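Working through the structure, step by step
Chain by chain, the residues run as shown.
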Amino acid sequence: MPRCRSWRPTRVGLQTPQSSAPGTDRRQWRRCRAKVEPGQVRCAECARALVEHPDVEVRRMVAMEVDVSRQALEVLLCDPDALVAACAAQTAGARDAEGGARVGQD
Ligand SMILES: [Zn+2]
């Protein structure tokens, strides 16, 4: 069974509006090692914690990930921060274009 490779914000991290980048501060981030389904790199709890993170930069980072889950992306598309929502829309658009190209190649 593969394990989640995501960083998860700690309680302190979730109360820090301007948090450090994932993995740089042990008080704000810890590594998650939860079991995930094959093919997944992030568990549902980490995904939820990241898309609801108070720091806009963290949400924007998730919105730009190429392998962000569809579920997380849908939450970020409705993000109150316009920039986060725009990044999510861009990622969703790129993914749709890629999917279309793959269908064309088959
Ligand atoms: Zn996790």
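See the structure printed just above.
Basis of the calculations
Residues numbered from 1 in each chain as written. Predicted model: local features only at pLDDT ≥ 70, side-chain atom pairs only at ≥ 80, totals over all residues. Heavy atoms only, no water. 1 Å grid on protein atoms, 1.4 Å probe; cavity = no way out; pocket = protein on both sides within 12 Å on 5 of 7 lines; lining within 4 Å. Points joined across faces, edges and corners; volume = space filled by probe spheres on them. Helix = DSSP H or I, 4+ residues; strand = E, 2+ residues; numbered from the N terminus. Nonpolar A, V, L, I, M, F, W, Y, C, P; charged D, E, K, R; others polar. Donors = N, O, S within 2.8 Å, 3.2 Å for Na, K, Ca; no water. Tetrahedral: all angles 85-135°; square planar, octahedral: opposite > 155°, others 65-115°. Buried < 20%, exposed > 50% of the residue type's maximum accessible area, 1.4 Å probe, protein only. Core = buried A, V, L, I, M, F, W, Y, C linked by side-chain atoms within 4.5 Å. Contact = heavy atoms within 4.5 Å. Salt bridge = Lys/Arg side-chain N within 4 Å of Asp/Glu carboxyl O. Polar contact = N/O pair within 3.5 Å; in protein donor to acceptor, adjacent residues only side chain to side chain.

1. Points about the layout of surface pockets
There is about 560 Å³ of room inside the largest pocket. Elements with a contribution of two residues or more to the lining of the largest pocket: α2 (44-51) and α4 (70-77). Top contributing element to the lining of the largest pocket by residue count: α2, with 4 residues. Looking at side-chain class alone, the lining of the largest pocket contains 10 nonpolar, 5 polar and 7 charged residues.

2. A few points about the coordination of the zinc ion
Between any two of four tetrahedral donors, the ideal angle at the metal is 109.5 degrees; between two of six octahedral donors, it is 90 or 180 degrees. Coordination sphere of the zinc ion, protein contribution only: C4 (SG), C32 (SG), C43 (SG) and C46 (SG), at 2.3 Å. Around the zinc ion, the 4 donor atoms sit at angles spanning 103 to 116°, and that spread fits a shape best called tetrahedral. Of note, the donors binding the zinc ion are all from one chain and are spaced C-x27-C-x10-C-x2-C. Placement of C4 in the segment before β1 (7-9) and of C43 in the loop between β2 (29-31) and α2 is noted, with a sequence separation of 39 residues between them. Take C4: its relative accessible area is 0%, and that puts it in the buried class. Judged by its relative accessible area of 5%, C43 is buried.

3. A word on the nonpolar core
Of all hydrophobic cores here, the largest spans 14 residues; its most connected members are V62, A63 and L76. Listed by contribution, the elements that provide at least two residues to this core are α2, α3 (56-63), α4 and α5 (82-105). Once you skip the residues sitting within four places of it in the chain, A63 turns out to touch L73, L76, V84, C87, A88 and T91. C4, C32, C43 and C46 belong to the second-largest nonpolar core, a separate cluster that totals 5 residues.

4. Describing α2
Within α2 the residues assigned to the buried category are C46, A47, A49, L50 and V51. Buried residues along α2 sit in contact with β1, α1 (11-14), β2, α3 and α4.

5. A few points about the pattern of salt bridges
Inspection of every chain in the model, using the stated rule, returns 5 salt bridges. Here E65 and R42 are joined by a salt bridge, their closest N and O atoms 2.9 Å apart. Here R42 lies in the loop between β2 and α2 and E65 lies in the loop between α3 and α4, a separation of 23 residues in the sequence. Across the salt bridge formed by R70 and D96, the nearest N and O atoms sit 3.4 Å from each other. You can see R70 sitting in helix α4 and its partner D96 sitting in helix α5, a full 26 residues away along the chain. Its relative accessible area of 38% is what places R70 among the partly exposed residues.

6. What to know about the side chain of D79
Tracing the sequence through the fold places D79 in the loop between α4 and α5. Of note is the side chain of D79, whose polar atom sits 2.8 Å from the backbone nitrogen of D81. Apart from the residues lying within four places of it in its own chain, the contact partners of D79 are V51, R59, V84 and A85.

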